[in-house]
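Now for the letters of each chain:
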Amino acid sequence: MFAQPETWVAIAFVILMAVFVWLGIHRTVLTALDHRAQRIKAELDDARRLKEEAAKLLADYQARRASAEREAQEIVTNARAEAERIAAEAKTRMEDFVARRTKTAENKIALAEAQALADVRAAAAEAAVAAASTVLSQSVKGSVADDLLARGIAEVKSKLN
């Protein structure tokens, strides 16, 4: 039984364990393992805390991004509405401008027509006066003719003008 190497290995192992117990190495090993377990637990707690912070930051940035996208959409919508309003206003102003110009042109045309009609009437009155003057001066003579002529000329001028 003592000739087998496994027996000597077992005896050496038991002696080694007894020396370890007598020297208190098992307490040192257990203390080291406890410290290592505490360090690992602290690292896991830190990792968990960092993960939660990262999740909060991610949620915060996603909310900010969604808010920025909504703001951008509102800006685009407002810009389109403003552009449509400006276009409608410009169209209205252009229509008003064209209507005013048309009215001004019509007034000028009406004024020119009235002036031309007055000029034609004046020319016709002068021609009628000249013709009447010629006819009356040839047919009526003397002071009666001058009196009739002056009255007729004044009457024709007042009626035609």
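Below, the structure is looked at part by part. (Residues numbered from 1 in each chain as written. Predicted model: local features only at pLDDT ≥ 70, side-chain atom pairs only at ≥ 80, totals over all residues. Heavy atoms only, no water.)

**A closer look at the overall build of the protein chain**
Secondary structure summary: the protein chain contains three helices and zero strands in total. When the helices and strands of the protein chain are listed from N to C terminus, the series reads α-α-α. By the compact-globule yardstick of 15 Å for 161 residues, the protein chain is too spread out, its C-alpha radius of gyration being 61 Å. Looking at the protein chain, you have 24 positive and 23 negative side-chain charges, and the mean spots of the two groups are 1 Å apart. (Helix = DSSP H or I, 4+ residues; strand = E, 2+ residues; numbered from the N terminus. Rg over C-alpha atoms; globule rule 2.2 N^0.38 Å. Lys, Arg positive; Asp, Glu negative; His and termini not counted. Charge placed at Lys NZ, Arg CZ, Asp CG, Glu CD.)

**Quick notes on a nonpolar patch on the surface**
The grouping of Trp-8, Ile-11, Ile-15, Val-19, Trp-22 and Leu-23 at the surface amounts to a nonpolar patch, some 670 Å² of accessible area in total. By the secondary structure assignment, Val-19 is in helix α1 (residues 5-23). (Patch = residues over 30% accessible without salt bridge, like charges linked within 9 Å, V, L, I, M, F, W, Y side chains within 5 Å. Areas by Shrake-Rupley, 256 points an atom, 1.4 Å probe, with all protein chains shown as cover. Salt bridge = Lys/Arg side-chain N within 4 Å of Asp/Glu carboxyl O.)

**Examining the pattern of salt bridges**
What the rule picks out here adds up to nine salt bridges. Arg-49 is paired through a salt bridge with Asp-46; the nearest N and O atoms lie 3.7 Å apart. With a gap of three residues between them, Arg-49 and Asp-46 both fall in helix α2 (residues 25-139), about one helical turn apart. In this structure Arg-49 comes out as partly exposed when scored by relative accessible area, which is 39%. A salt bridge links Glu-89 to Arg-85, with the shortest nitrogen-to-oxygen separation between them at 3.0 Å. Note that Glu-89 and Arg-85 are positioned in helix α2 at a spacing of four residues, about one turn of the helix. Within this structure, Glu-82, Arg-85, Glu-89 and Arg-93 form a network of salt bridges that share partners. (Buried < 20%, exposed > 50% of the residue type's maximum accessible area, 1.4 Å probe, protein only.)

**Let's talk about α1**
A rise of 1.5 Å per residue sets the reference length of α1, with its 19 residues, at 27 Å; its end C-alpha atoms lie 27 Å apart and thus fit the reference within 8%. Downstream of α1 by a residue or two, Gly-24 has a phi angle that is positive, lying close to 80 degrees. (Expected span 1.5 Å × (residues − 1).)

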